[in-house]
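Here's the letter readout for the chains.
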Amino acid sequence: MARQGTRKAEFSARIEQLEDRRVMSADPLGGLLGGVDHQVLEQQTPLVDQHELGDPDFWINPADADLVDSYFQEVEQALTEAHNQTGWFNVKNNYGFTGRGQTVAVIDSGIAYNHFALGGGLGANYRVVGGWDFTEENDANPYDDGSRGGHGTHVSGIIGSSSGTHTGVAPGVDFVGLRVFNDAGAGYFSWVEKALKWVYDNRDAFENPITTVNLSLGVSSWNAASVPQWANLEDEFARLESAGIFIAVSAGNSFGSFGAPGLSYPASSQYVVPVMSTDDSGALSSFSQRLGRAIAAPGRSIVSTIPDYKGNNNGVADDFASMSGTSMAAPYIAGASVIIREAMEFVGMTNITQDMIYDHMMATADSIYDAVTKLSYKRLDLQAAIDALMPADDYGSTLADAYNLGSLSGTSSVSGGIGSLTDVDCFRFTAAASGNVTFDLSTSTGGMAGSWQVYGANGQAITSASDDSVTFAVTAGQTYTVRLGSTGGMGQYTFDVTAASAFNPEDWGAVAFNQLANIGVSGEAWYRVQTTRDGLFTALAQFNAAGGQVNVELYNSNMQLVASGITANGQARVDAAATAGTEFYIRVTGSNSDVDFTLANLVSQVGSTVTVDGTAGDDAFTFTAGSAYEVSVNGVSYTFARNAATQFVINGGTGDDSITMTGSTAAETATLRIGNASLTSAAYTAVATDVESVRVHGGGGVDTAVLHDSAGDDHLIAGQDSTTMTGAGLDYFVQGFAHVEAYATQGMDKSELYDSEGNDRFQGKSTGSSLTGSGYSRLVAGFDNVYAYSLAGGNDLAELWDTAAADIFTARPTYATMRSGAALQSVHNFENVFAYAVAGGRDFAFLYDSPLDDVFVSRPHYSYVRGSNFYNFASGFDSIRTHSTAGGNDVSLLFGSTGNETAIVERDHTRLYGAGFDLSAHGFASTRLVGMGGRDTVRMEALDVQDAVFGRGNAATLTRGGQMTRIDDFDRVIAAQLAGRSPSIDVQAIDYLFERLLG
């Protein structure tokens, strides 16, 4: 909540006496100093001397007309005398310096920032751009609202009030308010020290840098040329001075007490500029402390801004009052330092320091004699200080003394400066040939804006222009004078003056996008063109610079120069805004036998939206997001500042078009569809329509690309860095995207996903498949055939899920597939493959071995095969078949459940089945069957004479040829021999039922 408008008006005239004020015990220096005061002469004394001698404050009763009139007469006289004394009015009228571009820190009782002459508010959009309250309130609201307040607001108005009647020294300056006096008027050096540190830390925190500090405060009990032992601000002053910040400090008002030269503290610090006060007569004020290194400025009866509650308290922040003291002189010097710094910068000085400004002030100051101390002191002469900095007039200012450019032909350049608000420069020339002459202006410093006046040989005005250029017709042999002034302030300038002879242009006709090749240029050539749409017109000449340079300029139908071309690296280019049907003339100069011209009228901007149109042919577009945005069409590029455009629309039109889009380092999303591609971020959106081939580069950041298929059969290949998707009428390429999503809804589509060098995971599902790893992901959904490849390294995992229909899972050491009807998921070279049948349907799994030794384990609900460098796993399948066909000494283990199972041992395979499962092992040299509970039966089929059955305890084995089957925990074993064949059977001490069936 703002603290403004909460005080009642104080109707007391103030003659302020410098006295030591009460000091809060929290101040470690309180016992030594007796407090830090605004050095103001009052009947009541605050802790920090406000260096102010109080002439009566007038509290205006609007009903009393005589009082109002007399008050304003006094105000106007006081302000006039102060500014007349320093030459401020001449500086204002001659140069117009206002302090714009700088910020002054006022360390005081705060600032009534709602005062109309101080900007009317607080924050970036006002003149008081920020600040802090270092008193007990300790917040970001530095409003000058204490019962003892008003002083900081008055000081601020002297620095930079923008009132037309009560104008401050630098009315264009910004402020920060740093409040170090509380509501009772008490202030402490500890608060001042914090404020100085805050200035250093925040010197570049605002739009305009803090260049100046004003301290209208000090200790009234100190009068010396040196600092006291208890001085605690020296480190902060030294840091600010080293940063180039000017520190103005009031000298103190206690001369009447001491009667000898000296300064209050902190004015006595070697790092600050101490400021003495003068009366309207120009003499030192009787109360002002003084010293030879101090500088004097007006400080008595200075009228400036005050808070409403200190004025008429009518709720309108427009009050002024008169105060006196070195408190009023210090801000005058602070404002003057801002103006001097601005002038120094205008003439090109850099790294400006407090010493540079102070030395210049003292060198140009007036000397005044003090009868009391019998010494001479320096008094500010602002006009002399600024006049000494500003350059002398470089060209004649009247038609009679115009600078002679001689006989004019071709192109030449002239540099100069408008050094005051009333300065003009005049130039005379004689036309070498009939035609047109163009003066084209560019400015480098200041606020200069060109104002041209052209006169013929008889002194009659021919034409004028308030613009960067002026073009007019000339007759050979005639003399002309051009007068250059400024409508926007002073500045340095350069202008190019070009004489173009009369011409007969070649008509190149209407332009959308035209290319003309192999054109020879020798000397000067002119061409006429006409735009076909609203937007930018571009003429681009390309050539081998070794064959000669070529320059391009653009003129309107009145033969006025519209734009001068830029020539570099074998290209000359000119651009101009136009409406449909605009007529331009292109002037080409130079010498080159082979120049290719491109004329483009395809780019336009409305507000923040840039539109790029294609032609009826095949077009190539680009969009790049970087520190600026760049678009191009068929090789002609355009750049837009990031704050000037946020929407980009590229219309391909007919033909086979392509676009390359490049993102920034921010997070972006690319969305690619048939006939539409977009690249978006929080800062911009770029959309391309009717473009057949799309290339998108992420540019950095965590980017996402979303790809959509065509109505036909499409093929997607997604690698670690790039992804392509192609089909009939579809050609996508994305690169540098951390996340890629692809969606297929029509046609028979295929996708290929490739892994990274790290550990990757593939998940294949009917709803969508994905390959993910460190920092990336690839998602494909709706593709009929999905292939995933583990080729780059790492320990990779693949997971495959079934559909609600019948599925077949096939796993081999180097690849595995999950097939459902026409849909296929295929993974290659994954170290670990897991397949799950959970969705329903009649599902089958087939597991195959490697040429090395492998182990197969099958249970009712899952099976797996493990070999050298691979592991294949299947779970939930209705039937699982394992095969040993590739070689090696393979082992198969088939486990039953706790229910009733049946096992059949055939000559080439073994089968175990029960409720909800069916397991089989084919071609294994060694197979083991384990019942696991229930009433289980195993049947050995087709036993022959070379077969042998052996049984002991609860185990039995069948050996036939090179194969052996072991049977454990089965309740019943049936040996079914072939007719007429007698296998070897040795069954003893068994605890299961053994039956022998004869064939």
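Structure first, text after, so check above.
Residues numbered from 1 in each chain as written. Predicted model: local features only at pLDDT ≥ 70, side-chain atom pairs only at ≥ 80, totals over all residues. Heavy atoms only, no water.

## Quick look at helix H6 (residues 234-242)
Of all the positions in H6, only Glu234, Glu236, Phe237, Leu240 and Glu241 are classed as buried. Buried residues of H6, viewed axially, fall in a sector of 160 degrees; they line one side. Among the exposed residues of H6, those pointing more than 90 degrees away from its buried face are Asp235 and Ser242. As for H6, its buried residues are in contact with helix H5 (189-201), strand S4 (210-215), strand S6 (246-250), strand S7 (263-265) and helix H9 (354-364). Looking one or two places after H6, you find Gly244, whose phi comes out positive at around 85 degrees. (Buried < 20%, exposed > 50% of the residue type's maximum accessible area, 1.4 Å probe, protein only. Helix = DSSP H or I, 4+ residues; strand = E, 2+ residues; numbered from the N terminus. Arc of directions from axis to C-beta. Contact = heavy atoms within 4.5 Å.)

## Topic: the packing of aromatic side chains
Per the stated rule, a full pass over the model turns up 46 aromatic pairs. With 6.2 Å between their ring centres and 55 degrees between their planes, Tyr527 and Phe597 make a pair best called tilted. Pair noted here: Tyr527 is in strand S24 (residues 513-531) and Phe597 is in strand S30 (residues 583-606), with a separation of 70 residues, a long-range link. Given a relative accessible area of 5%, Tyr527 falls into the buried group. Aromatic side chains Phe834 and Phe873 sit 5.1 Å apart centroid to centroid with 45 degrees between the ring planes, which places their arrangement in the tilted category. Separated by 39 residues along the polypeptide, Phe834 in strand S55 (residues 832-836) and Phe873 in strand S59 (residues 870-875) bring together distant segments of the chain. Feature note: the residues Tyr395, Tyr403, Phe427, Phe429, Phe439, Trp452, Phe472, Tyr480, Tyr493 and Phe495 constitute an aromatic cluster, connected by ring pairs. For Arg573, the ring lying beneath its charged end belongs to Tyr638, and the centroid distance is 4.8 Å. (Phe/Tyr/Trp six-rings, centres within 6.5 Å; stacked < 30°, edge-to-face > 60°. Lys NZ or Arg CZ within 6 Å of the ring centre and 35° of its normal.)

## Looking at the nonpolar core
In this structure, Phe762 and Phe809 are the most contacted members of the largest nonpolar core, which totals 90 residues. Val169, Ile306, Ile357 and Met390 belong to the second-largest nonpolar core, a separate cluster that totals 55 residues. (Core = buried A, V, L, I, M, F, W, Y, C linked by side-chain atoms within 4.5 Å.)

## What to know about the pattern of salt bridges
Counted by the stated rule, this structure contains 26 salt bridges. Here Asp507 and Arg528 are joined by a salt bridge, their closest N and O atoms 3.2 Å apart. A residue pair is termed long-range when its members are at least 10 positions apart, and Asp507 in strand S23 (residues 506-511) and Arg528 in strand S24 qualify at 21 residues. Residues joined in a network through salt bridges with shared partners are Asp133, Glu137, Asp145, Arg179 and Asp183. (Salt bridge = Lys/Arg side-chain N within 4 Å of Asp/Glu carboxyl O.)

## A word on the sheet that holds S4
Ordered in space as S2-S3-S1-S4-S6-S8-S9-S13-S12, the 9 strands form an open sheet in which the pairing is mixed. Only two strands of the sheet have a single partner each, and these edge strands are strand S2 (128-133) and strand S12 (366-370). On average, each strand axis in the sheet is tilted by 30 degrees relative to the strand beside it, whichever way the strands run. Bridge analysis of strand S9 (residues 295-298) against strand S13 (residues 375-379) gives 2 bridges, and the strand direction is parallel. Following the sheet pairing, Ile295 is matched in S13 by Lys378. On the sheet, H9 packs against S6, strand S8 (273-278), S9, S12 and S13 and is oriented at approximately 55 degrees with respect to S6. (Pairing = 2+ DSSP bridges. Axes fitted to C-alpha atoms, helices over the stretch in contact; angles between N-to-C directions.)

## Section: the pairing of strand S27 (residues 561-564)
Two elements, strand S26 (residues 550-555) and S27, share 3 bridges in a ladder whose sense is antiparallel. In the strand pairing of S27, Glu553 is matched with Ser564. As consecutive antiparallel partners, S26 and S27 are separated by 5 residues, and within that stretch Met559 has a phi angle of approximately 60 degrees, a positive value.

## Regarding the packing of H5 against H6
Relative to each other, H5 and H6 sit at 20 degrees, their axes nearing to 9 Å. The angle between H5 and H6 places the two elements in the roughly parallel class. Our pair here, H5 against H6, has a crossing hand that is left-handed. Contacts between H5 and H6 involve Glu193, Leu196, Lys197, Val199, Tyr200 and Asp201 on the former and, on the latter, Glu236, Phe237, Arg239 and Leu240. (Parallel < 35°, antiparallel > 145°, perpendicular 65-115°, else oblique. Left-handed = near helix turned anticlockwise from the far one by under 90°.)

## Observations concerning the sheet that holds strand S21 (residues 479-486)
Through backbone hydrogen bonds, the strands of a sheet pair up, either in parallel or in antiparallel fashion. Taking strand neighbours across the sheet as the criterion, the 5 strands line up as S14-S16-S21-S18-S19 in an open arrangement whose pairing is mixed. The open sheet terminates on both sides in strands that have one partner only, identified here as strand S14 (403-408) and strand S19 (461-465). Pairs of neighbouring strands in the sheet enclose a mean axial angle of 20 degrees, with direction left out of account. As judged from the 6 bridges shared by strand S18 (residues 450-455) and S21, these two strands associate in the antiparallel manner.

## Focus on the side chain of Asp968
Looking at the element boundaries, Asp968 is found in strand S69 (residues 963-968). What makes Asp968 buried here is its relative accessible area of 5%. Dropping the residues within four chain positions of it, Asp968 is found in contact with Arg928, Leu929, Val930, Gly931, Asn954 and Ala955.

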